[in-house]
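# An overview of the molecular structure
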Amino acid sequence: MTNTARKTGIVQHPLYARHCMEPGHPECPERLAALYTILREPGMQGHFEEITPTKIAKEVLLIVHSWDYIESLEATEGKSCTFLDADTRTSPDSHAAALMAAGGLCCAVERVHAGELKNAFAMVRPPGHHAKRSKAMGFCLYNNVALAARYAQTRLALSRILIVDWDLHFGNGTQHCFADDPSVLFFSIHQTGSFPGGGRFRKIGKDGGKGFSIHIPLLPGCGDGEYVALFEKILKPVALEFNPQLILVSAGFDPHFNDPLGNMRVTPLGFAAMARSILDIAEQCCEGRVIMALEGGYDLDGLRDSVRAVLKELAGLQQTDPVEIMAAADPKKLKYVLWRIRRAHGRYWKSLQPSLGDKADSIPSFFERVNEWLARCLVYLKS
Ligand SMILES: [Zn+2]
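Remember, it's a predicted structure, so these values are computed and weren't measured experimentally.

## Side note on the overall build of the protein
When you go through the protein residue by residue, the secondary structure sums to 12 helices and 10 strands. Since a compact globule built from 383 residues should have a radius of gyration of about 21 Å, the 19 Å found for the protein is in line with a globular shape. For the protein, the spread of C-alpha atoms along the principal axes amounts to about 60 × 50 × 40 Å. Scored against the burial criterion, the 383 residues of the protein give a buried share of 60%. Here the protein contributes 43 positively and 42 negatively charged side chains, and the mean placements of these two sets differ by 5 Å.

Okay, structure coming up:
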């Protein structure tokens, strides 16, 4: 089979819709129903291949999660409702769905790694990036992306994995797993002050993992230009230095301008440009091996339109130019962020050493820094 014949894999399974929390909960089965319709649209048919998932094996689960925690989730099977935290609960099939979600991502990793598919998108529930070793959190039970990364390292002998998390919320569970691990570069761009907190510039990882956690907390109101500029100016150069063998993406669509949980302004075109930026990295480093996993995204129309745009990039049906999109960035919104990232990470990455290349890359004045600090304080006070 030639490279051009390879398709984009899609993980889907009926179990994912059988995890139900409560009526009116934003993380609802209808989210997937909205996505599955995309694949039946004219122009999309014939470009995707379904990946039939299997449940993740317990020995893989145990690399990331504790025995006690796994047993506590197993105990929820068949029970009508178990509360795990303030906004996370289970229904009778939730645990089975969670095993199948993490397993689905591992199946996608396996198929893409084997060269049978060129890349993949896992349309799974429940999401995973807030789940910690022994704690369910923020609608997440098992950490799907962290498990897929460990699966790739232990079963496929890959040593360097890049995880990009563009969900509105900080991927605290994933960061928790890899904070001291230089084999996984974790890049998270998120809305400052939003659930669950954390994800600050200065949290760069610990011990041998210093420099391998890159956190970009953004003020509300950032859109396509700012997001894509940070992908091109921070993520891309660092990722090319790191040279990953596989890229996993925690693809949350709650930075969408209409999302009820966020205050960002990303459009489907912006998500497409971020996907293209990641695909560019993957083509240079790892033969295009990218696997995306659904995390958040709660406006059903926004979710569907954004995922469609991303799928078109993955399948090669469109090629958005990130450079064109980043031209719309407001240099005032970028200046402070670029300065903080370069200060925190310049010593670990050659490509982030201070540069005076363009207006946005210059050092903010004292007045600009105070202004930004006040704006961030205000966001924290409101949250
Ligand atoms: Zn989110």
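## Structural notes on helix H7 (residues 224–242)
In this model, H7 (19 residues) spans 25 Å end to end at C-alpha, consistent with the 27 Å of a helix rising 1.5 Å per residue. A maximum bend of about 35° is found in H7 at leucine 235, where proline proline 237 lies one to four positions downstream. Counting buried positions along H7 yields 16 of 19 residues, so the element is predominantly enclosed. Trailing H7 by a residue or two, asparagine 243 shows a phi angle of about 60°, which is positive.

## Things to note about empty space enclosed by the protein
Leftover empty space is mapped by rolling, across the atoms, a probe with the size of a water molecule. All chains considered together, the criterion is met by one cavity of 30 Å³ or more. Taken as a whole, the largest cavity spans an internal volume of roughly 30 Å³. The wall of the largest cavity is formed by Phe170, His190, Gln191, Thr192, Gly193, Ser194, Gly197, Gly198, Pro217 and Tyr380. Split into classes, the residues belonging to the lining of the largest cavity amount to three nonpolar, seven polar and no charged.

## Some words on the pattern of salt bridges
Enumeration according to the criterion identifies 19 salt bridges in this entry. Of the charged contacts, one joins arginine 155 and glutamate 59 as a salt bridge, the two residues approaching to 3.7 Å between their closest N and O atoms. Within this pair, whereas arginine 155 is found in helix H5 (residues 144–155), its partner glutamate 59 is found in helix H2 (residues 58–64), the two being separated by 96 residues in sequence. What makes glutamate 59 exposed here is its relative accessible area of 52%. One salt bridge connects glutamate 116 with arginine 111, and the closest N-O pair in it is separated by 2.5 Å. A relative accessible area of 38% means that glutamate 116 is categorised as partly exposed. When its relative accessible area of 21% is taken as the criterion, arginine 111 is described as partly exposed. A network of salt bridges, in which partner residues are shared, links Glu41, Asp301, Arg304, Asp305 and Arg308.

## A short note on the coordination of the zinc ion
Of the protein atoms, only Asp167 (OD), His169 (ND1) and Asp254 (OD) coordinate the zinc ion, at distances of 2.0 to 2.1 Å. Expressed as a motif, the donor residue spacing for the zinc ion is D-x1-H-x84-D. Of the two residues, aspartate 167 is situated in the loop between strand S6 (161–165) and helix H6 (172–178) and aspartate 254 in the loop between strand S9 (246–251) and helix H8 (268–285); the sequence distance between them amounts to 87 residues. In this structure aspartate 254 comes out as buried when scored by relative accessible area, which is 0%.

## Topic: the layout of surface pockets
Of the pockets and cavities examined, the largest pocket occupies roughly 240 Å³. Every residue lining the largest pocket is counted, 13 residues in all, and those nearest its centre are Arg200, Arg202, Arg340, Arg376 and Tyr380. For the lining of the largest pocket, the secondary structure elements donating two or more residues are helix H11 (331–345) and helix H12 (366–382). Here the residues of the lining of the largest pocket are counted per class, giving six nonpolar, three polar and four charged.

## Details of a nonpolar patch on the surface
A cluster of nonpolar side chains, Phe366, Val370, Trp373 and Leu374, forms an exposed patch at the surface whose accessible area comes to about 460 Å². Assignment of secondary structure puts phenylalanine 366 in helix H12.

Conventions adopted
- Residues numbered from 1 in each chain as written.
- Predicted model: local features only at pLDDT ≥ 70, side-chain atom pairs only at ≥ 80, totals over all residues.
- Heavy atoms only, no water.
- Helix = DSSP H or I, 4+ residues; strand = E, 2+ residues; numbered from the N terminus.
- Rg over C-alpha atoms; globule rule 2.2 N^0.38 Å.
- Buried < 20%, exposed > 50% of the residue type's maximum accessible area, 1.4 Å probe, protein only.
- Lys, Arg positive; Asp, Glu negative; His and termini not counted.
- Charge placed at Lys NZ, Arg CZ, Asp CG, Glu CD.
- Expected span 1.5 Å × (residues − 1).
- Bend = angle between axes of the 7 residues up to and from the residue.
- 1 Å grid on protein atoms, 1.4 Å probe; cavity = no way out; pocket = protein on both sides within 12 Å on 5 of 7 lines; lining within 4 Å.
- Points joined across faces, edges and corners; volume = space filled by probe spheres on them.
- Nonpolar A, V, L, I, M, F, W, Y, C, P; charged D, E, K, R; others polar.
- Salt bridge = Lys/Arg side-chain N within 4 Å of Asp/Glu carboxyl O.
- Donors = N, O, S within 2.8 Å, 3.2 Å for Na, K, Ca; no water.
- Patch = residues over 30% accessible without salt bridge, like charges linked within 9 Å, V, L, I, M, F, W, Y side chains within 5 Å.
- Areas by Shrake-Rupley, 256 points an atom, 1.4 Å probe, with all protein chains shown as cover.

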